[in-house]
Amino acid sequence: MTTLVPRAPVAAPAKSVTTTAVRQTLLVLGASGDLTGRLLLPGLGALLASGALPGLRLIGSGMDDWDDERWRRRVADSFATVGADGAGESEVIKASRYVRADVTSEEGLRRLLADCAGPLVIFFALPPMVTARAAAALARIGVPPGTRLMLEKPFGVDRISAHSLNNLLATLVPEEQVHRIDHFLGKSTVLNLLGLRFANRIFEPVLNSAHVACVDIVFDETLGLEGRAGYYDGAGALTDMVQSHLLQVLALLAMEPPPSVRAQELRGRTAQVLRAARLWDDDPVVASRRARYTAGEIDGRRLRNYIDEPGVDPARRTETLAEVVLTVDTWRWAGVPFRLRSGKAMSAVRKEAIITFKQAARVPDGLTGYERPDRLRIGFGPDCLALDLNINGPGNPFDLDQVRLTADFGPGELPAYGEVLRGAFEADPTLSVRGDVAEECWRIVEPVLAAWRADEVPLQEYAAGSGGPVDTLLGPVPE
Ligand SMILES: O=P(O)(O)OC[C@H]1O[C@@H](O)[C@H](O)[C@@H](O)[C@@H]1O
C-alpha cells in the first residue's frame, strides 16, 4: 500500500534577475523639470552606485535653453544627494548630453531618437497633458524595437484620459514594456507585505472579515507644498497620494495570495482586488472628506496658509488632505472598511497601515481591563512592524495590559525610486503599474472627484501643524 507522506514545502526558485551588459540609453523628456531633479536623477544615481546598472548613456532633453554643462551639473548635484559619486557615476555624468527639443513635435523627437544608440528607455518626466502629446507624436514616428517607456504618475488626469493614454502607448510598444512608475511599489516595507502575509502561517488565516474590524492606510506628512504648486495645485491630495500610492498599498494588503511574485501573477492579483474595490455605500458624500491647511507652525517652522503659497490658485480649491473609505467586495473582505488618508502639513509624520482586529470572542469573567483590540501595524517610514496584544502584564495578574511587540528593520538595498527604476532597466515590469490598474484606480476615486467638483463635500480647513480637520470618517485614526 502506498502511504501519502506530506511533502516538505519546496522553496520557490529565486526571482531571476536579467541584467544586460549592453549599455542602455536613457532619454529623459522633460530633463529640466522638477520631477527629474527631485526623483528620477537621485533614484538613478543610487541605482548606478549600487552596481546594478552597468553603465548608461544619459540624454536629457527639454525646451529650456540649457547646454551640456548645465545639465551635467544638475545630474552631478542630484547624484550627490544620494552619495552617488563613484567612478562609474562620474563617467555617466561626463558622457551625458543635453539636447534642446520640443518633445511634443515629430521633428524634435526624430532628432532625439537619431542621437540614441543601443537599447533605449524613454522617461516621460512631463505633466500628464504633455506626456499625452509627446506619446502621440512618438506614435506617429515609431520607436526602435525593444524600447521601454517609463512614466511617472499621475497616469492621465481621469479614467478616460488614462484609457486614451494606454491606447496610445499600446500602439508604440507592448504593455510589458510600459513602466508606469509608482515608487511606493519599490518601498521595502510595502514589498515586505508579501513576505509578512505569504511566508508566515500566523497572519494570513486571520486577514479576513471574520477577524478584521477595519484597515487604515495612513500617510500623513509634516511637509507642506515645498514649492511644488506647479504640479500639486492641479493634483491635490486625492490624486497625488490616494488614487496612486495608497491604492497600490491597499492592493498588496488585500489581494489573494499569488502563486508567484513574477509580473504576470502579482499584477494579476493586484488588478483583481482593485476591480473589487469601491466607495463605501457607493456614496462619495458619506465616504470622503477633504481639507486644506491654513497657516501654522511645525517643529518651529512657520508655514503660510496654503492659498498664499506662490503659484497656488485659490479658485481651484485644492485639498491638501484627502480621506476616503472603501469596501473591497470579495468573500474575504466584504463589510470591512478600508480607510485611506493622506494629509500634508500635519503635526506628525504617520506612514502606516493599521489592521484592527475584532474584539476577542469572549474574555473570561474575572479578567478585567479589556479595552483595546489587537492591532497589526506596518510602518512605511521608518520601516517597522508592530503588533499590539492584550496580555496580563505587570501588577495585578487578572488586569489586562496592552503590549507592543515591535520589529525595526533596515532600509532596502535601494531607495524606492531606484528599486522601481531597476525593474524598468532590467525589462521586468513586476513593480510597474499595469495599464488596466491605472484605469481602475481612477474608476475608484472618480465619484469623489465629481462630488468635490460639485461642492457636495465641504472643503474643511485645518491649521498646519495640527492633527487635521475635526470632521473625519470613522473617527480618529487609532494611536
Ligand atoms: O515618502 P515619500 O517616499 O517621499 O513619498 C511621498 C511623496 O510621494 C510623491 O509621489 C508625492 O507627489 C509627494 O507629495 C509625497 O510627499
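Residues numbered from 1 in each chain as written. Predicted model: local features only at pLDDT ≥ 70, side-chain atom pairs only at ≥ 80, totals over all residues. Heavy atoms only, no water.

Chemist: Describe in detail the UniProt feature "domain: Glucose-6-phosphate dehydrogenase NAD-binding" (unreviewed entry) in the protein chain, supporting the description with residues and values.
Modeler: With numbering matched to this structure, UniProt assigns "domain: Glucose-6-phosphate dehydrogenase NAD-binding" (unreviewed entry) to residues 28-192. In the segment residues 28-192, helix accounts for 50% and strand for 16%; the C-alpha atoms at its two ends are 31 Å apart. (UniProt positions renumbered as here; feature names shortened; annotations may be inferred. Helix = DSSP H or I, 4+ residues; strand = E, 2+ residues; numbered from the N terminus.)

Chemist: Describe the sheet that holds strand S3 (residues 97-100), and please don't skip the residues or the numbers.
Modeler: Spatially, the six strands line up as an open sheet ordered S3-S2-S1-S4-S5-S6, and their pairing is parallel. At either margin of the open sheet sits one strand with a lone partner, and together these are S3 and strand S6 (178-181). Mean inter-strand twist for the sheet, computed between neighbouring axes without regard to direction, equals 20 degrees. Judged from the five bridges that link them, strand S1 (residues 24-29) and strand S4 (residues 120-124) form a sheet pairing that is parallel. In the sheet register, Leu26 faces S4, and the bridge partner there is Val121. (Pairing = 2+ DSSP bridges. Axes fitted to C-alpha atoms, helices over the stretch in contact; angles between N-to-C directions.)

Chemist: Lay out the site of the ligand with the relevant residues and their values.
Modeler: Around the ligand sit Lys153, His183, Phe184, Lys187, Phe219, Glu221, Arg228, Asp240, Met241, His245, Lys344 and Lys351, and those are all the residues in its vicinity. Within the contact set of the ligand, an oxygen atom lies 2.6 Å away from a side-chain nitrogen or oxygen of Asp240. When isolated, the ligand has an accessible area of 390 Å², and the protein chains bury 81% of it. The biggest single contributor to the shell around the ligand is helix H8 (residues 229-254), with three residues. Across the shell around the ligand, the residue classes break down as three nonpolar, two polar and seven charged. (Near = heavy atom within 4 Å. Polar contact = N/O pair within 3.5 Å; in protein donor to acceptor, adjacent residues only side chain to side chain. Areas by Shrake-Rupley, 256 points an atom, 1.4 Å probe, with all protein chains shown as cover. Nonpolar A, V, L, I, M, F, W, Y, C, P; charged D, E, K, R; others polar.)

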